[in-house]
There are 2 protein chains.
Amino acid sequence: MSKPEQDQFSPRQSAVLEEALRLLVEGGEKALTTAGVARAANCSKESLYKWFGDRDGLLAAMIAYQASKVRTYEPAGGKLTREELRAHLLTFVRDLVDVLSGDVSLALNRLSIGQAGAGGGKLGRLMLERGRGPIGKRAMALLDAGRRSGLLDFSDGGEAYQTLYGLAVSDLHVRMLLGVSPETARKEFGSRAERAVDAFLRLFGAANKWEEPRIRHA
Amino acid sequence: MSKPEQDQFSPRQSAVLEEALRLLVEGGEKALTTAGVARAANCSKESLYKWFGDRDGLLAAMIAYQASKVRTYEPAGGKLTREELRAHLLTFVRDLVDVLSGDVSLALNRLSIGQAGAGGGKLGRLMLERGRGPIGKRAMALLDAGRRSGLLDFSDGGEAYQTLYGLAVSDLHVRMLLGVSPETARKEFGSRAERAVDAFLRLFGAANKWEEPRIRHA
DNA sequence: CAAGAACCGTACCGTACGGTACTTTATGAG
DNA sequence: CTCATAAAGTACCGTACGGTACGGTTCTTG
């Protein structure tokens, strides 16, 4: 079993994990052998096992390492204007799609999903905690700010967030996980961000604050 | 490489594939060894290789076999009333969630996704064609009928379908793929179907046909 | 400088699995 | 009855990979 929680990695270890991520992105899980990582990173297998315990520990460390690179900045807590909220929602949606369509994110999600048997794998839980968690927290904070500013109307923030997520991502993520190239997907979803935010505001905008946007589906 | 397209399977072969699916659902990909399938199905490895070519052929056959079991009935083509359209949308959404949260569907998606390297695996394409394709066709036909009946207003059916899909599924599918138990997910998403359909109709309902439903998010 | 730790490179081991070959048993046609 | 085909069961082979051991080299530290 993998080594105890040790979320900080030495520079050397980070370099090794970086190399491991590169291998994973290039060749999928089958390409991620301990010998391969050692060779690519110019380190010894013995060090790998000393640092990460076993192969599963290495995989978990890769996820933790990648998650540690994502800065989940909190938006300012003050009052928001309509335009600010809309702009923040738009950047959130764009960031979300960018993250989900990133090479490394796709590779790690594939890895965790492939690993997740019926019993529910450890890696899947890690991805949910370290990946989705922070993103969701950021979005919920933004939505809450919108409500406090009188611009949004909802009772269950989770429900609102789920709706926003669904509008923004739809089946894009799974399709990419199944092999649709991120370029193709991004092209197809290029104009989706605005539409998603508009739809979200039509559904959850406080009635008196948003002149019902008249979107003609031309 | 796998055997040529041969979408029909003999009863014996179907029984073997059924057993293989059972193994996959129970233990994930690692449990799906050729020897294991042969043992569980009381057949010889030699027969497996004769029928399916190699292991990848077996995996592809499992996907094709499972897809062949799903009947994608076309809804009637006549005019729809408001209530009929809403009911059809609701059953579609419920069916969709049921399918996606099914044991076999999850296992096959995990398999295909785990297989799908950067180069885009063959299995992923199969899942997209045989799984998503028919479901999407059915939904598009329904949406089109709604538009022809003057109840829906959209120009791009694909866009409307993506919206419906996103509202209905959100990140439910990926979370289940990562290991969230279908029971948990289904509970969390139990009441979502109506909300998704309502939201969809608010977004795409023809303006004069649907008295703007005043949903208070109590 | 000396002692020790950290670590690289390589060689090694056991095993599990994909794939093949062979023998035996059943079935069905001529 | 006889022969051929199909398929079960088993034994086998090669290899690839996870994990360990060890000798040599560099780096730190007193």
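Residues numbered from 1 in each chain as written. Chains lettered and ligands numbered in written order. Predicted model: local features only at pLDDT ≥ 70, side-chain atom pairs only at ≥ 80, totals over all residues. Heavy atoms only, no water.

Enquirer: I keep staring at the side chain of Ser 149 of chain A and nothing clicks. Help me out?
Expert: Mapped onto the secondary structure, Ser 149 of chain A falls in the loop between helix 7 (122–148) and helix 8 (157–169). When neighbours within four sequence positions are excluded, Ser 149 of chain A is seen to be in contact with Gly 78, Lys 79 and Leu 80 of chain A. (Helix = DSSP H or I, 4+ residues; strand = E, 2+ residues; numbered from the N terminus. Contact = heavy atoms within 4.5 Å.)

Enquirer: It is not clear to me how the protein's contact with DNA strand C should be interpreted in this structure. Could you clarify?
Expert: Neighbouring DNA strand C are 14 residues, the closest being Ser 47 of chain A together with Lys 45, Glu 46, Tyr 49 and Arg 55 of chain B. Counting only the atoms of DNA strand C that lie within 4 Å of the protein, the sugar and phosphate share comes to 55%. In the model, a sugar or linking oxygen of DNA strand C is placed 3.4 Å from a nitrogen or oxygen of the Asn 42 of chain A main chain. Grouping the constituent residues of the surface near DNA strand C by class yields 3 nonpolar, 5 polar and 6 charged. (Near = heavy atom within 4 Å. Polar contact = N/O pair within 3.5 Å; in protein donor to acceptor, adjacent residues only side chain to side chain. Nonpolar A, V, L, I, M, F, W, Y, C, P; charged D, E, K, R; others polar.)

Enquirer: Even after reading the chapter, I still don't get the protein's contact with DNA strand D, so can you show me in this structure?
Expert: Not every one of the 15 residues close to DNA strand D is listed here, only the nearest: Lys 45, Glu 46 and Arg 55 of chain A together with Arg 12 and Ser 47 of chain B. Among the atoms of DNA strand D lying within 4 Å of the protein, the sugar-phosphate backbone contributes 54%. Arg 55 of chain A places a polar side-chain atom, nitrogen or oxygen, 2.8 Å from a phosphate oxygen of DNA strand D. Here a phosphate oxygen of DNA strand D and a side-chain polar atom of Arg 12 of chain B are 2.9 Å apart. Among the secondary structure elements, those contributing two or more residues to the surface near DNA strand D are helix 3 (45–52) of chain A together with helix 3 (45–52) of chain B. Looking at the surface near DNA strand D, the element that brings in the most residues is helix 3 of chain B, giving 4 residues. Its residues assigned to classes, the surface near DNA strand D comprises 3 nonpolar, 5 polar and 7 charged.

Enquirer: For this particular structure, what's the right way to read the relation of the copies chain B and chain A?
Expert: Copy one and copy two of the chain differ by a rotation about an axis and a translation along that axis. Note on the copies: chain B fits chain A at an RMSD of 0.0 Å, the axial shift is 0.0 Å, and the rotation between them is 180 degrees. Overall, the copies show the geometry of a two-fold rotation axis. A shared binding surface is used by both copies, with 100% of the interface residues of chain B retained as interface residues in chain A. (Least-squares fit on C-alpha atoms with pLDDT ≥ 70 in both.)

Enquirer: Can you help me understand helix 2 (residues 34–41) of chain B in this one?
Expert: The α-helix winds at 3.6 residues per turn, so residues separated by three or four positions along the chain end up facing the same way. All names here are of chain B. Residues of helix 2 that are buried: Thr 34, Gly 36, Val 37, Ala 38 and Ala 41. Buried residues in helix 2 make contact with helix 1 (11–27), helix 3 and helix 4 (55–69). Backbone geometry just downstream of helix 2 places Asn 42 in the positive-phi region, at approximately 55 degrees. (Buried < 20%, exposed > 50% of the residue type's maximum accessible area, 1.4 Å probe, protein only.)

Enquirer: How should I be thinking about the nonpolar core in this particular structure?
Expert: Core analysis: the largest hydrophobic core is formed by 143 residues, its most contacted members being Met 62, Leu 89 and Phe 200 of chain A together with Met 62, Leu 89 and Phe 200 of chain B. The residues contacting Leu 89 of chain B, other than those within four sequence positions of it, are Leu 142, Leu 143, Leu 164, Val 197, Phe 200 and Leu 201 of chain B. (Core = buried A, V, L, I, M, F, W, Y, C linked by side-chain atoms within 4.5 Å.)

Enquirer: Can you walk me through the side chain of Ser 101 of chain A in this structure?
Expert: All names here are of chain A. Here Ser 101 is to be found in the loop between helix 5 (82–100) and helix 6 (103–115). Here Ser 101 falls in the buried class, since its relative accessible area comes to 2%. Here the side chain of Ser 101 touches Arg 186 through a polar contact of 2.7 Å, side chain to side chain. Setting aside anything within four residues of it in sequence, one finds Ser 101 in contact with Leu 106, Met 176, Pro 182 and Arg 186.

Enquirer: Explain the pattern of salt bridges to me, please; I cannot follow it from the model alone.
Expert: When the charged atoms of two side chains with opposite charge come close together, those side chains can pair. In the structure shown here, the tally under the stated rule is 28 salt bridges over all chains. Put simply, Glu 26 of chain A and Arg 22 of chain A hold a salt bridge, and the shortest N to O gap is 2.9 Å. With Glu 26 of chain A and Arg 22 of chain A both in helix 1 (residues 11–27) and 4 residues apart, this pair spans about one turn of that helix. Judged by its relative accessible area of 52%, Glu 26 of chain A falls in the exposed class. One salt bridge connects Arg 82 of chain B with Glu 83 of chain B, and the closest N-O pair in it is separated by 3.4 Å. (Salt bridge = Lys/Arg side-chain N within 4 Å of Asp/Glu carboxyl O.)

Enquirer: Help me understand the interface of chain B and chain A in this model?
Expert: The parts lose accessible area when they come together, and the size of an interface is often stated as this lost area. Residue-level contacts link 46 residues of chain B with 46 residues of chain A. Around 3900 Å² of area is buried between chain B and chain A when both sides are counted, 57% of it from carbon and sulfur atoms. Put simply, chain B and chain A have 4 salt bridges between them. A salt bridge links Asp 171 of chain B to Arg 132 of chain A; the nearest nitrogen and oxygen atoms lie 3.7 Å apart. The interface formed by chain B and chain A contains 7 residue pairs in polar contact (both at pLDDT 80 or more). Elements with a contribution of two residues or more to the side of chain B that touches chain A: helix 1, helix 6 (103–115), helix 7 (122–148), helix 8 (157–169), helix 9 (172–177) and helix 11 (192–204) of chain B. Classifying every residue of the side of chain B that touches chain A gives 18 nonpolar, 14 polar and 14 charged. (Buried area = accessible area lost by both parts, 1.4 Å probe.)

Enquirer: How should the packing of aromatic side chains be read in this particular structure?
Expert: For any pair of aromatic rings, geometry is given as the distance between the ring centres together with the angle between the planes. Scanning the entire structure with this criterion turns up 8 aromatic pairs over all chains. Arranged with centres 6.2 Å apart and planes meeting at 75 degrees, the rings of Tyr 161 of chain A and Tyr 165 of chain A form a pair that is edge-to-face. Here Tyr 161 of chain A and its partner Tyr 165 of chain A are both found in helix 8, 4 residues apart, which amounts to about one turn of the helix. Taken as a pair, Tyr 161 of chain A and Tyr 165 of chain A share a single burial class, namely buried. Geometrically, the ring pair formed by Trp 51 of chain B and Phe 52 of chain B is edge-to-face, given 6.1 Å between the ring centres and 80 degrees between the ring planes. One exposure class covers both Trp 51 of chain B and Phe 52 of chain B, and it is buried. (Phe/Tyr/Trp six-rings, centres within 6.5 Å; stacked < 30°, edge-to-face > 60°.)

Functional significance is not addressed by these values, which are geometric in nature.
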